[in-house]
Amino acid sequence: MEFTELREVIEKLQVVDGHAHNIVSLDSSFPFIRCFTEAEGDALADSPHSLSFKRSLRELAELYGCEKSLQAVEEYRKSSGLQSITQKCFDAAGISAIFIDDGLKLDQKQNLDWHKGYAPFVGRILRIESLAEEILEKGLQEGSIWTLDKFTEIFVQNLKSVADKVVGLKSIAAYRSGLEINTHVTKQDAEDGLVEVLHAGRPVRITNKNFIDYLFTCSLEVALCFDFPIQIHTGFGDKDLDLRLSNPLHLRVLLEDKRFSKCRFVLLHASYPFSKEASYLASVYPQVYLDFGLAVPKLSVHGMISSVKELLELAPIKKVMFSTDGYAFPETYFLGSKKAREVIYSVLRDACIDDDLCVAEAIEAAKDIFSENAIQFYRITRGTISKGTVSSSSVKIERSSPESGISLVRLMWVDISGQHRVRVVPAKRFNDVVRKNGTGMAFACVAMTSSYDASALESKLGAAGEIRLMPDLSTKRRIPWAKQEEIVLADMHLKPGEAWEYCPRDALRRVLKVLKDEFNLVLNAGFEMEFFLLKNVVREAKEEWVPIDATPYSSASGFDAVSPLFHEIVDALHSLNITVEQLHAESGKGQFEIALGHTVCTSAADNLIFARETIRGLARKHGLLATFVPKYALDDIGSGCHVHLSLWQNGENVFMASDKSSRYGISTTGEAFMAGVLDHLPSILAFIAPIPNSYERIQPNTWSGAYRCWGHENREAPLRAACPPGISEGFVSNFEIKSFDGCANPHLGLAAIVASGVDGLRRHLQLPEPINQNPDAHNVKLERLPTSLSESLAALQKDNVLENLIGENLVVAVKAVRKAEIDYYSNNKDAYKRLIHRY
């Protein structure tokens, strides 16, 4: 069998080095002999007698054309200079991109910019433990005392602040406390761990397991937001590592945690000597990928080949990636690349001989392992790793660069009246200025009403005063219907890093923090959007917007008529990482519904905003107008935005009862939360049914929930206990709030719901008996929910609980906007007809 072509391809490939470290100056105190070994101290004296040392020294002598001795190689290095030997090593290595973990403490190490002179693309890998140590080492202002909350705030802010400057994160938990990561470490244990770390003195070195596990979990949450991969040291390394605890099988608890199932992990160093274990994990967990740097070139030739073969015994080829684990010396990059090419050739050749692969498949595998897998995995724009191109940015910046076709970026916020608003800036200005400093906005802009673009008089928010609209980079997306633009949701800050008390997104975060801190609970949410599609017609020389059809509920022909539009909508939502569960024609003329998948409620609220924008934008492309107004036509059915809610703890749904002994198939925790929502529902309506038109929809016998009650699968109840397919009979997995509509700010609406649930949990409330029939039946005596925004506002005026949890000033502004809506629409009866252009 002929393998010349395979060898030539592997020798000529420009490789992506997925994991390396900084190079040091020639006069660094870090000894050159460490180029060949993981040993240190007295053990260094024996390292010249290892197989890898003898082989590597010979290969360096050949590269430099000097005598084969450590002294001769060192003399060549000093006489040639760092720049010369680095250029020689990198040219021989054929490296097109390097991802550098700059958290390794090395004397006189070069910064990342220096390395750009030797590779077309240099990306940064952020070591999370090093970041934490830097924060603690720096300390707080004089007189301030570290708390876990304060540390977490600063740590997360630091991670987010470099979101556009890194290609991934890394953890060395294996070195400090082992890989049996507890993602459910308690706040108290983490706090105690922080205290222990601080008491150990300086320099700060984090070794407490609870605190390390907490750091790791916080980093996972940020990684999810920004789609960062996480590199994890596994297997052998420096002597301070307990090899028994670096077996990647210890990671199974983490890998099984449903909260982090979308996180992507790279197990570094072939996990040697646990290569088979790593291969197994990559074969059964979709989020696990493998890297074989360090094992190549530090092992013997047989050991390197054996380790890589073990990786490929089970792991998909698409999940195995090359790195040099180069560090301190440019020679480590050269040796890593040279031996990797030889080892991969040997492994793939043997696979062909064994009939595991044909030659063409082996060539494809080589390309995947050396570059393609990393390009895809780290989301690297291919143009940035071409020879002659220099970039210090990750793909996140490239997506906003002129080369990627992005010319404008929309900063979006949703105001108290639920209207979507944007500021648009050129991509260059976004990257140069707005990304870090935001853009200015008057106080008044958050308190504008649906009737006119001015703030409500009693909101205390006027023309004086300015905030910063700060882009939340975790939400930045390319706009599917405007390919030259991106969109990003904005937070409202008084100054960068300091949240404004009126920010709706931050209001939701605040109440969720109470839910988490007091009850260790996370709320998941999923929205069902109802909307009308209208077309423009001319009647008596006047333009009107009318429904596109008059088909009934779940009409096949109604859907068929607009299926091209819905194909585009679903594809666009999927491109935005928004799950669509189902869609159908609704009961109203030209009315449709799309149900989105459930997720943590901050993301659910963000997804709802993106989904509304997507539907409106693509409808416009088709010459249609999509409106989410609650009651587009008073003689037709209304549109809601039902929300399904469930409580989660440690990755498990705890809203559902654990056994059938519960009264309603709901856990005690779930019942208390839901009872709190039912108790506060009249005042919640001021948030989730925010305009007078909302109450035209909330009528008996319209499946909108007109009476204050709850029921099992009762669509006439405002709170419906749900048992969807796949849930055992008698158990309730979530509950639905039917009063939520498309004019509500989703963050404020969810904040009011969470605050009410927290009150229910605090007071251990219980649900009344369920109403499992039509509440409007003559034999049922039930309280009518507010029939107008005025009544709901009156309920909110008396509700101190929501005010205390959401924030007094923000609730004052909400009340002011609602009052302004009431005053305007009571004097302008037909003004609601213009709302189709605002919602």
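What comes next is a walk through the structure. Every chain is numbered on its own, with residues counted from 1 as its sequence reads. Predicted model: local features are reported for residues with pLDDT of at least 70 only, side-chain atom pairs are reported and counted for 80 or more only, and whole-chain, interface and lining totals are derived from all residues. Side-chain measures were taken over the full set of non-hydrogen atoms in the model, leaving aside hydrogen atoms and water.

Read from one edge to the other, the open sheet built from eight strands follows the order 1-2-3-4-5-6-7-9, with strand pairing classed as parallel. Either end of the sheet is taken by a strand with one partner, and the two such strands are strand 1 (15–20) and strand 9 (320–321). Examined bridge by bridge, strand 1 and strand 2 (residues 95–101) share four bridges and lie parallel to one another. Bridge pairing links Val 15 to Ile 95 in strand 2. By definition in these notes, contact holds between two residues if any of their heavy atoms fall within 4.5 Å. Orientation is described by axes fitted as lines to C-alpha atoms, over the contacting stretch for helices, and by angles from 0 to 180 degrees between their N-to-C directions. For helices the rule is a DSSP run of H or I covering at least 4 residues; for strands it is a run of E covering at least 2, with both sets numbered from the N terminus onward. Set on the sheet, helix 12 (residues 275–284) makes contact with strand 6 (264–267) and strand 7 (288–291); between it and strand 7 the angle comes to about 145 degrees. Two strands make a pair as long as DSSP finds a minimum of two bridges between them.

Within helix 6 (residues 128–138), eight of the 11 residues are buried, which leaves the element mostly enclosed by the surrounding structure. Relative accessibility decides the category of a residue: with a 1.4 Å probe and only protein chains considered, values under 20% of the type maximum give buried, values over 50% give exposed, and everything between is partly exposed. Considered for burial, the residues of helix 6 that qualify are Ile 128, Glu 129, Ser 130, Leu 131, Ala 132, Glu 133, Ile 135 and Leu 136. Following helix 6 by one or two positions, Gly 139 has its phi on the positive side, about 80 degrees.

Further remarks concern the environment of Ser 161. Among the structural elements, Ser 161 can be located in helix 7 (residues 148–161). Using a relative accessible area of 42% as the deciding quantity, one classes Ser 161 as partly exposed. For the pair Ser 161 and Glu 613, spaced 452 residues apart in the sequence, the C-alpha separation amounts to 27 Å.

So, about the packing of aromatic side chains. For any pair of aromatic rings, the description consists of the separation of the ring centres together with the inter-plane angle of the planes. Put simply, two rings from Phe, Tyr or Trp (the six-membered ring, in Trp's case) pair if the centres are within 6.5 Å, and we call them stacked under 30 degrees between planes, edge-to-face over 60, tilted for the rest. Under the definition given, this model contains 32 aromatic pairs. Arranged with centres 5.7 Å apart and planes meeting at 35 degrees, the rings of Phe 559 and Phe 566 form a pair that is tilted. On the accessibility criterion, Phe 566 (2% relative accessible area) is buried. An aromatic cluster is present here, built from Phe 30, Phe 32, Phe 36, Phe 53 and Phe 329 joined pairwise through their rings.

Let us look at the side chain of Asn 22. Here Asn 22 lies in the loop between strand 1 and helix 2 (51–64). Residues adjacent in sequence count toward polar contacts only when both atoms are side-chain atoms; beyond that, a polar contact is any pair of N or O atoms within 3.5 Å, and within protein one must be able to donate a hydrogen and the other to accept it. Of note is the side chain of Asn 22, whose polar atom sits 2.7 Å from the backbone oxygen of Gln 110. Discounting residues that sit within four places of it in the chain, Asn 22 has contacts with Ile 100, Asp 101, Asp 102, Leu 106, Lys 109, Gln 110, Asn 111, Leu 112, His 115, Tyr 327 and Ala 328.

It is worth spelling out a nonpolar patch on the surface at this point. Patches in this entry comprise residues that are over 30% relatively accessible and not in a salt bridge; like charges within 9 Å are linked, as are nonpolar side chains (Val, Leu, Ile, Met, Phe, Trp, Tyr) within 5 Å. In this description, accessible areas are obtained by the Shrake-Rupley approach with a 1.4 Å probe, and a residue is regarded as covered only by the protein chains that are shown. Think of a salt bridge as a Lys or Arg side-chain nitrogen and an Asp or Glu carboxyl oxygen that are within 4 Å of each other. A surface patch of nonpolar side chains, about 330 Å² in accessible area, is lined by Leu 249, Tyr 280, Val 284 and Leu 314. Tracing the backbone through its elements, the reader meets Val 284 in helix 12.

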